[in-house]
Amino acid sequence: MKTECIGDYVKLNEKTYPCTVSLTMDLVGGKWKAVILYHLRNEPKRYSELRKEIPSVTEMTLSLQLKQLEKDGLLSRKVYGQKPPVKVVYSLTDFGKSFTPVLEAITEWGNKVVSEKGEFLSK
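Summary of the structure given here. The residue numbers shown here count from 1 along each chain, following its written sequence. Residues qualify for local features only when their pLDDT is at least 70, as the model is predicted, and side-chain atom pairs are given and counted only at 80 or more; totals for whole chains, interfaces and linings, by contrast, use all residues. Excluded from the side-chain calculations are hydrogens and water; all other atoms, namely the structure's heavy atoms, are used.

Brief notes about the overall build of the protein chain
Next up, step 1: Secondary structure is summarised from DSSP: a helix means a run of H or I of at least four residues, a strand means a run of E of at least two, and numbering begins at the N terminus for each. If you tally the helices and strands in the protein chain, you get six helices and five strands.
Next up, step 2: Put simply, the protein chain runs from its N terminus to its C terminus through helices and strands in the order β-β-α-α-β-α-α-β-β-α-α.
Next up, step 3: The principal-axis extent of the C-alpha atoms belonging to the protein chain is close to 50 × 45 × 25 Å.
Next up, step 4: Any residue under 20% of the maximum accessible area for its type is buried, any over 50% is exposed, and the rest in between are partly exposed; the area is computed with a 1.4 Å probe on protein chains only. Out of the 123 residues belonging to the protein chain, those deemed buried represent 27%.
Next up, step 5: Residues are treated as being in contact if the distance between any of their heavy atoms lies within 4.5 Å. A sequence separation of at least 24 residues applies to 37% of the contacts in the protein chain between residues at least 6 apart.
Next up, step 6: Of the roughly 9,000 Å² of accessible surface on the protein chain, a fraction of 55% belongs to carbon and sulfur atoms. Each accessible area is a Shrake-Rupley estimate made with a 1.4 Å probe; only the visible protein chains count as cover when residues are assessed.

In structure tokens:
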């Protein structure tokens with residue numbers, strides 16, 4: 001059995017991918033998914049908290065990405081209360097938590113790139 005991205009097909013949830021890299025990028029790729037997972041890595045958060053921590057994402061995009069991450073099993077969404085205003089809290093599932101070491105590696109690499117080739121800015 002081949003485990004790297006060299007031509008075998010892989011399947012997850014009735015979806016077929018050309019390799020495991022493609023599968024991974026479908027689950028966490030794009031501009032915002034990894035950022036959302038990063039902000040949830042230490043504790044559950046409400047939608048409004050995520051909006052404050054990621055101000056450059058639009059409400060529609062955040063909402064769509066949260067739904068996709070939930071559908072793919074990386075996030076759980078818990079609703080507290082029965083009538084508005086309800087409290088909705090997002091947290092990583094065990095599957096989502098398994099991505100944390102990758103997030104840490106991405107963060108470390110990004111910090112290194114900025115240290116060597118860019119600069120850190122303050123607000």
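Quick look at the sheet that holds strand 4 (residues 75–80)
Next up, step 1: Strands are treated as partners if at least two bridges between them are detected by DSSP. Read across the open sheet, the three strands follow the order 3-5-4; overall the sheet is antiparallel. One side of each edge strand has no neighbouring strand; the edge strands of this open sheet are strand 3 (45–46) and strand 4.
Next up, step 2: Bridging between strand 4 and strand 5 (residues 87–92) involves six bridges; their strand directions are antiparallel. Bridge pairing in strand 5 places Lys78 opposite Val89.

Points about the packing of aromatic side chains
Next up, step 1: Stacked, tilted and edge-to-face are the three classes assigned to paired rings of Phe, Tyr and Trp, where Trp is represented by its six-membered ring and a pair needs centres within 6.5 Å; plane angles under 30 degrees give stacked, over 60 edge-to-face, the rest tilted. Summed over the entire model, instances satisfying the criterion amount to zero aromatic pairs.
Next up, step 2: Taking the ring centre of Tyr38 as reference, the NZ or CZ of Arg41 above it sits at 3.7 Å.
Next up, step 3: Working rule: Lys NZ or Arg CZ, within 6 Å of ring centre, within 35 degrees of ring normal, means a charge sits over the ring. A cation over a ring is seen here: Lys87 above Tyr80, with NZ or CZ 5.9 Å from the ring centre.

Overview of helix 1 (residues 20–28)
Next up, step 1: Buried within helix 1 are the following residues: Leu23, Leu27 and Val28. Around the axis of helix 1, the buried residues are gathered within 105° of arc, so they sit on the same side.
Next up, step 2: In the core, the buried residues of helix 1 are packed alongside strand 1 (10–12), strand 2 (15–17), helix 2 (33–40), helix 4 (59–71) and helix 5 (94–97).
Next up, step 3: Of the residues flanking the end of helix 1, it is Gly30, one or two places downstream, whose phi is positive at about 95°. Arc, as used here, means the arc of the directions from the helix axis to the C-beta atoms.

Some thoughts on the packing of helix 2 against helix 4
Next up, step 1: Viewed as axis vectors pointing N to C, helix 2 and helix 4 meet at an angle of 75°, and their least axial separation amounts to 10 Å. If you check the angle between helix 2 and helix 4, you find them roughly perpendicular. Contacts between helix 2 and helix 4 involve Lys33, Ile36 and Leu37 on the former and, on the latter, Leu62, Gln65, Leu66, Gln68 and Leu69.
Next up, step 2: Side-chain classes are defined by residue name, with Ala, Val, Leu, Ile, Met, Phe, Trp, Tyr, Cys and Pro counting as nonpolar, Asp, Glu, Lys and Arg as charged, and the others, Gly among them, as polar. Here the contact of helix 2 with helix 4 is composed, by residue class, of five nonpolar, two polar and one charged. Fitted lines through C-alpha atoms give the axes, limited to the stretch in contact for helices. The angle between two N-to-C directions lies from 0 to 180 degrees. Oblique is the label for every angle not falling under 35 degrees (roughly parallel), over 145 degrees (roughly antiparallel), or within 65 to 115 degrees (roughly perpendicular).

Considerations on unusual backbone geometry
Next up, step 1: With omega at -5°, the peptide bond leading from Pro84 into Pro85 counts as cis.
Next up, step 2: With respect to the helices and strands, the residue Pro85 is situated in the loop between strand 4 and strand 5.
Next up, step 3: Even without being glycine, Asn13 reaches a positive phi, approximately 50°.
Next up, step 4: Relative to the helices and strands, Asn13 resides in the loop between strand 1 and strand 2.
Next up, step 5: The class for Asn13 is exposed, based on a relative accessible area of 61%.
Next up, step 6: With a phi angle near 65°, Glu14 is a residue other than glycine that sits in the positive phi range.

Considerations on the pairing of strand 5
Next up, step 1: Of all six residues that make up strand 5, five are buried, and the element is covered over most of its length.
Next up, step 2: In this structure, strand 3 lies alongside strand 5, joined through two bridges in antiparallel fashion. Across the sheet, the residue bridging to Arg46 is Val89, located in strand 5.

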